[in-house]
Amino acid sequence: MSDSSAYAEFLKASPEFEATARVDALRATEYGRLDAQRHVYLDYTGGSLHADSQVRAHAELLTQHVFGNPHSASLTSSEMTELVEQTRRAVLDWFGARPGEYTAVFTANATGALKHVGESYPFAPGGRYLLTFDNHNSVNGIREFAGAAGASVEYAPITFPELRIDRERLEALLGRADRAANNLFAFPAQSNFSGVQHPLALIEQARERGWDVLLDAAAYVPTNRLDLSEVQPDFVAVSFYKMFGYPTGVGCLLIRNAALPKLHRPWFAGGTVNFATVQGRRHILTPGEAGFEDGTLNYLAIPAVGIGLRHLSSIGIDVIHTRVRCLTGWLLQRLADLRHANGRHMVRIYGPLTSDARGGVITMNFYDPDGHLLDYRRVEELATRQRISLRTGCFCNPGAGETAEGLTEADIAAAVAEDANMTLPRFLKFITHRGGKSAGAVRVSLGIASNFADVLTFYEFAQSLRDQTRLTMGEVTFDIESCRVIRDGS
Ligand SMILES: Cc1ncc(COP(=O)(O)O)c(C=O)c1O
């Protein structure tokens, strides 16, 4: 099938894509470096791409002003302070926060935002930290703060093969909260492993049962609208480079003001105190966001966040959402249908096979005609030769990966007993020898500048693995047919 007939067929199945055509024009003007250098960028969940105009606008701002370190009365300082505060208001507006309801704390990234919650939340004996299996390690890591403070730590499982939260089990776990204690429930709005979008209605359900809610929105907000006038998580973590590529090094923690008094910072630093004495050994933390912004902010980069938000707004987050949903749906179906000459499926996709309640992340593994797993590291090497940027490994989300691969607690315990310095490559070697399981996968993710040519190129690359037998991992045999029904009648 030619590229143009593939596109015509795609448009027939997704007519709403046509209304997003202006992004195709932007791809040529704002993201022209992609096609000029023949890049096929499929790692938007790793990091989004910036438009040329964002960088130009930022460079103009920096070259036309003299900016000093904020929070002083000088001209150069106060101008910078004003820009930082403008950006803070732009962030709150972007997320639909009603005046006075949320505080925006600038951090280095989403991880910095999550760590603030971990170290400042009043975990204590009798309290709980509940999190879903599907979580980034920066959310998993909060369990160390919770456990050290004597709170119990529990995981809510996800279902196989859909990789969605097991609602019944979650309901039971949520019901265990002692309302007199402090209980924190954390989940991602969108999985960075499977693209699954977990229901935002869980926020209110958990709150009603006595939980504060931490929403990891890092993978969700680049292609979805998060409206804090509709849902009110207590804490929200984001990284701006995932939304619009530039700047890196700035993220944000949004704190519901009603939950703000619960957070107690374990230390103080330059910039966070109204008063500190050496002889009196006392300090008084600055209320609000400043109490969380340790040391000097990344102040020259912060105005680039405002520029990025204006760029997103000029395209429209709903336009980006529609585009990514259409492209993802097409690619999912095509990959799921791929078969070797002997009729066996070539690709195993982890998570849902349609674009319902899922975002533009597709994680998969490839198999040879006999059901042997192809080594995803070799698959990445081949993709790289075709200038396709994708990501392989476990994407810092071990819980979703363990569920997807059917890895058990016993498998993990045996691996750690064998090698106390376990790494993913060593674990992969161990687990492939132990009962033919695997760990790790190939991930492609779509975003602001993705177009049909990108998904078509990846599909053609996947097709090139048909009847391929030389990339297998040898030991791993997987009966892809019996593991899951990919499509009715298959
Ligand atoms: C869902 C999710 N949460 C958190 C993070 C951590 O983001 P950062 O590395 O910017 O701190 C990521 C990064 O990929 C992510 O996808």
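Just above sits the structure.
Calculation rules
- Residues numbered from 1 in each chain as written.
- Predicted model: local features only at pLDDT ≥ 70, side-chain atom pairs only at ≥ 80, totals over all residues.
- Heavy atoms only, no water.
- Helix = DSSP H or I, 4+ residues; strand = E, 2+ residues; numbered from the N terminus.
- Buried < 20%, exposed > 50% of the residue type's maximum accessible area, 1.4 Å probe, protein only.
- Areas by Shrake-Rupley, 256 points an atom, 1.4 Å probe, with all protein chains shown as cover.
- Lys, Arg positive; Asp, Glu negative; His and termini not counted.
- Charge placed at Lys NZ, Arg CZ, Asp CG, Glu CD.
- Salt bridge = Lys/Arg side-chain N within 4 Å of Asp/Glu carboxyl O.
- Axes fitted to C-alpha atoms, helices over the stretch in contact; angles between N-to-C directions.
- Left-handed = near helix turned anticlockwise from the far one by under 90°.
- Contact = heavy atoms within 4.5 Å.
- Nonpolar A, V, L, I, M, F, W, Y, C, P; charged D, E, K, R; others polar.
- Pairing = 2+ DSSP bridges.
- 1 Å grid on protein atoms, 1.4 Å probe; cavity = no way out; pocket = protein on both sides within 12 Å on 5 of 7 lines; lining within 4 Å.
- Points joined across faces, edges and corners; volume = space filled by probe spheres on them.
- Expected span 1.5 Å × (residues − 1).
- Near = heavy atom within 4 Å.
- Polar contact = N/O pair within 3.5 Å; in protein donor to acceptor, adjacent residues only side chain to side chain.
- Sits in = over half its atoms within 2 Å of the grid points.
- Phe/Tyr/Trp six-rings, centres within 6.5 Å; stacked < 30°, edge-to-face > 60°.
- Lys NZ or Arg CZ within 6 Å of the ring centre and 35° of its normal.

> Help me out: how do you make sense of the overall build of the chain in this one?
When its secondary structure is counted, the chain shows 19 helices and 17 strands. By its C-alpha atoms, the chain is 80 × 55 × 40 Å across when sized along the principal axes. Across the 490 residues that make up the chain, the buried fraction comes to 54%. Just so you have it, the chain exposes about 20,400 Å², and 52% of that area is on carbon and sulfur atoms. For the chain, the distance from the average site of its 48 positive side-chain charges to the average site of its 55 negative ones is 2 Å.

> Would you explain the pattern of salt bridges in this entry?
When their charged atoms lie close together, side chains carrying opposite charge are able to pair. According to the stated counting rule, one finds 27 salt bridges in the structure shown. Residue arginine 176 is joined to glutamate 154 by a salt bridge in which the shortest nitrogen-to-oxygen separation is 2.6 Å. Residue arginine 176 is found in the loop between α9 (167-174) and β5 (183-188), and its partner glutamate 154 is found in strand β4 (residues 152-156); the two are separated by 22 residues along the sequence. For glutamate 381, the salt bridge is made with arginine 378, and the minimal N-O distance between the two is 3.2 Å. Of this pair, glutamate 381 and arginine 378 both sit in helix α14 (residues 376-385), separated by 3 residues, roughly a single helical turn. Glutamate 381 sits in the partly exposed class, given a relative accessible area of 41%. On the accessibility criterion, arginine 378 (30% relative accessible area) is partly exposed. Ionic contacts of the salt-bridge type, sharing partners, join the residues Glu85, Arg88, Glu289 and Glu293 into one network.

> Is there a simple way to explain the packing of helix α4 (residues 52-64) against helix α12 (residues 302-315) in this structure?
When two helices pack together, their arrangement is captured by the angle between the axes and the distance separating the axes. Relative to each other, α4 and α12 sit at 145°, their axes nearing to 10 Å. The hand of the α4/α12 crossing is right-handed. Residues Ser53, Gln54, Ala57, His58 and Leu61 of α4 form the contact with α12, whose own contacting residues are Pro303, Ala304, Ile307, Gly308 and His311. In terms of residue class, the contact of α4 with α12 is made up of 5 nonpolar, 5 polar and no charged.

> Is there a simple way to think about the sheet that holds strand β6 (residues 212-216) in this case?
Note: strands within a sheet are paired through backbone hydrogen bonds, in either parallel or antiparallel orientation. Spatial ordering of the open sheet is given by β2-β8-β7-β6-β5-β3-β4, a layout of 7 strands whose pairing is mixed. With one partner strand each, in any of the chains shown, β2 (102-107) and β4 form the two edges of the open sheet. Averaged over all adjacent pairs, the angle separating strand axes in this sheet is 15°, with direction ignored. Both β5 and β6 contribute to a ladder of 5 bridges, which runs parallel. Note that in β6 the partner of proline 188 across the bridge is aspartate 216.

> What's the story with unusual backbone geometry in this structure? I'm lost.
Glycine aside, residues mostly have negative phi angles, and peptide bonds mostly take the trans form. Of note, the bond from phenylalanine 160 into proline 161 is cis; its omega dihedral lies within 30 degrees of zero at 5°. As for its placement among the helices and strands, proline 161 is situated in the loop between β4 and α9. In this structure, the amide linkage connecting tyrosine 246 to the following residue, proline 247, adopts the cis form with an omega of 10°. Inspection of the secondary structure puts proline 247 in the loop between α11 (240-244) and β8 (251-256). A positive phi angle, near 70°, is found at histidine 71, a position not held by glycine. Mapped onto the fold, histidine 71 is located in the loop between α4 and α5 (75-94). With a phi close to 60°, phenylalanine 395 is a non-glycine residue in the positive phi region. With respect to the helices and strands, phenylalanine 395 occurs in the loop between β15 (391-393) and α15 (398-405).

> Is there a simple way to explain the layout of surface pockets in this structure?
If a probe the size of a water molecule is rolled over the atoms, the empty space left behind becomes visible. A volume near 810 Å³ is recorded for the largest pocket. Around the largest pocket, the lining comprises 29 residues; the ones closest to its centre are Pro398, Gly399, Glu402, Ile412 and Phe427. Mapped onto the lining of the largest pocket, the elements with two or more residues apiece are α7 (137-140), α15, α16 (409-418) and α17 (424-433). Top element by residues in the lining of the largest pocket is α15. It accounts for 6 residues. Of the voids in this model, the second largest pocket is the one considered here, and its volume is about 350 Å³. Taken together, 25 residues line the second largest pocket, and the ones lying closest to its centre are Thr45, His136, Asn192, Ala218 and Lys242.

> Please clarify how α5 should be interpreted in this entry.
In a regular helix each residue adds 1.5 Å, so 20 residues correspond to 28 Å; α5 covers 28 Å between its end C-alpha atoms and thus fits that length. Among all positions in α5, only Ser77, Met80, Thr81, Leu83, Val84, Glu85, Thr87, Arg88, Val91, Leu92 and Trp94 are buried. Glycine 96 sits one or two residues past α5 and shows a positive phi near 70°.

> Would you take a moment to explain the site of the ligand for this structure?
Around the ligand, the neighbouring residues are Thr45, Asn109, Ala110, Thr111, His136, Asn192, Asp216, Ala218, Ala219, Ser239, Tyr241 and Lys242. Serine 239 is positioned with one of its side-chain polar atoms (N or O) 2.6 Å from an oxygen atom of the ligand. Interatomic distance of 2.6 Å between a side-chain N/O atom of tyrosine 241 and an oxygen atom of the ligand. When the ligand sits alone it has 390 Å² of accessible area, and the protein chains cover 88% of it. Taken atom by atom, the bulk of the ligand overlaps the second largest pocket.

> Honestly, the packing of aromatic side chains in this entry has me stumped. Any pointers?
Any two aromatic rings considered together are summarised by their centre-to-centre distance and by the angle between their planes. According to the stated counting rule, one finds 16 aromatic pairs in the structure shown. Ring geometry for phenylalanine 133 versus tyrosine 155: centroids 5.7 Å apart, planes at 75°, classification edge-to-face. Taken together, the residues span a long stretch of sequence, with phenylalanine 133 in the loop between β3 (128-132) and α7 and tyrosine 155 in strand β4 at a distance of 22 residues. Where tryptophan 330 meets tyrosine 459, the ring centres are 5.6 Å apart and the plane angle is 80°; that geometry is what we call edge-to-face. With tryptophan 330 in helix α13 (residues 317-337) and tyrosine 459 in helix α18 (residues 452-463), the pair connects residues that are 129 residues apart, well separated along the chain. Grouping residues by exposure puts tryptophan 330 and tyrosine 459 together as buried. Each residue in the set Tyr7, Phe10, Phe17, Trp330, Phe452 and Tyr459 is aromatic and connected to the rest through ring pairs, giving one cluster. Of note, arginine 334 hangs over the ring of tyrosine 459, and the distance from its end group to the ring centre comes to 5.7 Å. The ring of tyrosine 376 carries arginine 377 above its face, with NZ or CZ at 6.0 Å from the centroid.

Purely spatial values, then, with no claim about function.
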